[in-house]
Amino acid sequence: MVTIVTGMACASVGIVLGFKQITESIYTDDPFAINYLLFEKEGEQIELKNIDQELNQANITYHALSKIGLSENKMKSAATIQIAALFFIPLIVASTLAVIGSSSSRSIYP
């Protein structure tokens, strides 16, 4: 039991010292890195909050549509079409822009 506790204490001290070394290197090498990491974390939390709100709204919409008599198959097909449009339209636009960009870069940088 003492070996396990000692091993865990050494591991936690190693983690703390490693974190201290990483943060010191971040502060000395790139002072904006920690701000960037915090900015990314905030963005993730805001995005998760937005996803939660959208799921709640979708749940309300689902119950409203089921109350007026829309079948589940119709709702699934409508959702499939919407998801396909949200996925494929940006994919097509990005592919088109990639082709245009690569062809124009060939003319600029032969």
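Only a predicted model underlies this, so the values are computations on that prediction, with no experimental measurement involved.

## Topic: the overall build of the protein
Part 1: Regarding its fold elements, the protein presents 3 helices and 0 strands.
Part 2: Order of helices (α) and strands (β) in the protein, N terminus to C terminus: α-α-α.
Part 3: Looking at the 110 residues of the protein, the share that counts as buried comes to 4%.
Part 4: Counting only carbon and sulfur atoms, one obtains 70% of the accessible surface of the protein, whose full area is about 9800 Å².

## Here we look at the packing of aromatic side chains
Part 1: Applying the stated rule across the entire model yields 1 aromatic pair.
Part 2: Where Phe 87 meets Phe 88, the ring centres are 5.0 Å apart and the plane angle is 80°; that geometry is what we call edge-to-face.
Part 3: Accessibility expressed as a relative area gives 45% for Phe 88, which makes it partly exposed.

## Looking at the environment of Ser 103
Part 1: By the secondary structure assignment, Ser 103 is in helix α3 (residues 72-108).
Part 2: Judged by its relative accessible area of 41%, Ser 103 is partly exposed.
Part 3: Within the structure, Ser 103 has its side chain in polar contact with the backbone oxygen of Ile 100 (distance 2.9 Å).

## Some points on the pattern of salt bridges
Part 1: One pass over the full model with this rule turns up 1 salt bridge.
Part 2: One salt bridge in this structure joins Lys 76 and Glu 72, with 3.9 Å as the shortest N-O distance. Remark: Glu 72 and Lys 76 occur in helix α3; sequence separation between them is 4 residues, near one turn of the helix.
Part 3: Taking relative accessible area as the criterion, Lys 76 reaches 51% and is therefore assigned exposed.
Part 4: Taking relative accessible area as the criterion, Glu 72 reaches 45% and is therefore assigned partly exposed.

## As for a nonpolar patch on the surface
Part 1: Judged by side-chain polarity, Phe 87, Phe 88, Leu 91 and Ile 92 come together as a nonpolar surface patch covering roughly 420 Å² of accessible area.
Part 2: Judged by its relative accessible area of 41%, Leu 91 is partly exposed.

## Examining the confidence of the model for the protein
Part 1: Put simply, the protein has an average pLDDT of 75, and 69% of its residues get 70 or more.
Part 2: Looking over the protein, one finds the lowest element-wise mean pLDDT in helix α1 (residues 2-29), namely 49, and the highest in α3, namely 88.
Part 3: Taken together, the stretch residues 1-14 has pLDDT below 50 and engages in 0 contacts with residues farther than four places along the chain or on a different chain.

Rules behind the numbers
Residues numbered from 1 in each chain as written. Predicted model: local features only at pLDDT ≥ 70, side-chain atom pairs only at ≥ 80, totals over all residues. Heavy atoms only, no water. Helix = DSSP H or I, 4+ residues; strand = E, 2+ residues; numbered from the N terminus. Buried < 20%, exposed > 50% of the residue type's maximum accessible area, 1.4 Å probe, protein only. Areas by Shrake-Rupley, 256 points an atom, 1.4 Å probe, with all protein chains shown as cover. Phe/Tyr/Trp six-rings, centres within 6.5 Å; stacked < 30°, edge-to-face > 60°. Polar contact = N/O pair within 3.5 Å; in protein donor to acceptor, adjacent residues only side chain to side chain. Salt bridge = Lys/Arg side-chain N within 4 Å of Asp/Glu carboxyl O. Patch = residues over 30% accessible without salt bridge, like charges linked within 9 Å, V, L, I, M, F, W, Y side chains within 5 Å. pLDDT = per-residue confidence, 0-100. Contact = heavy atoms within 4.5 Å.

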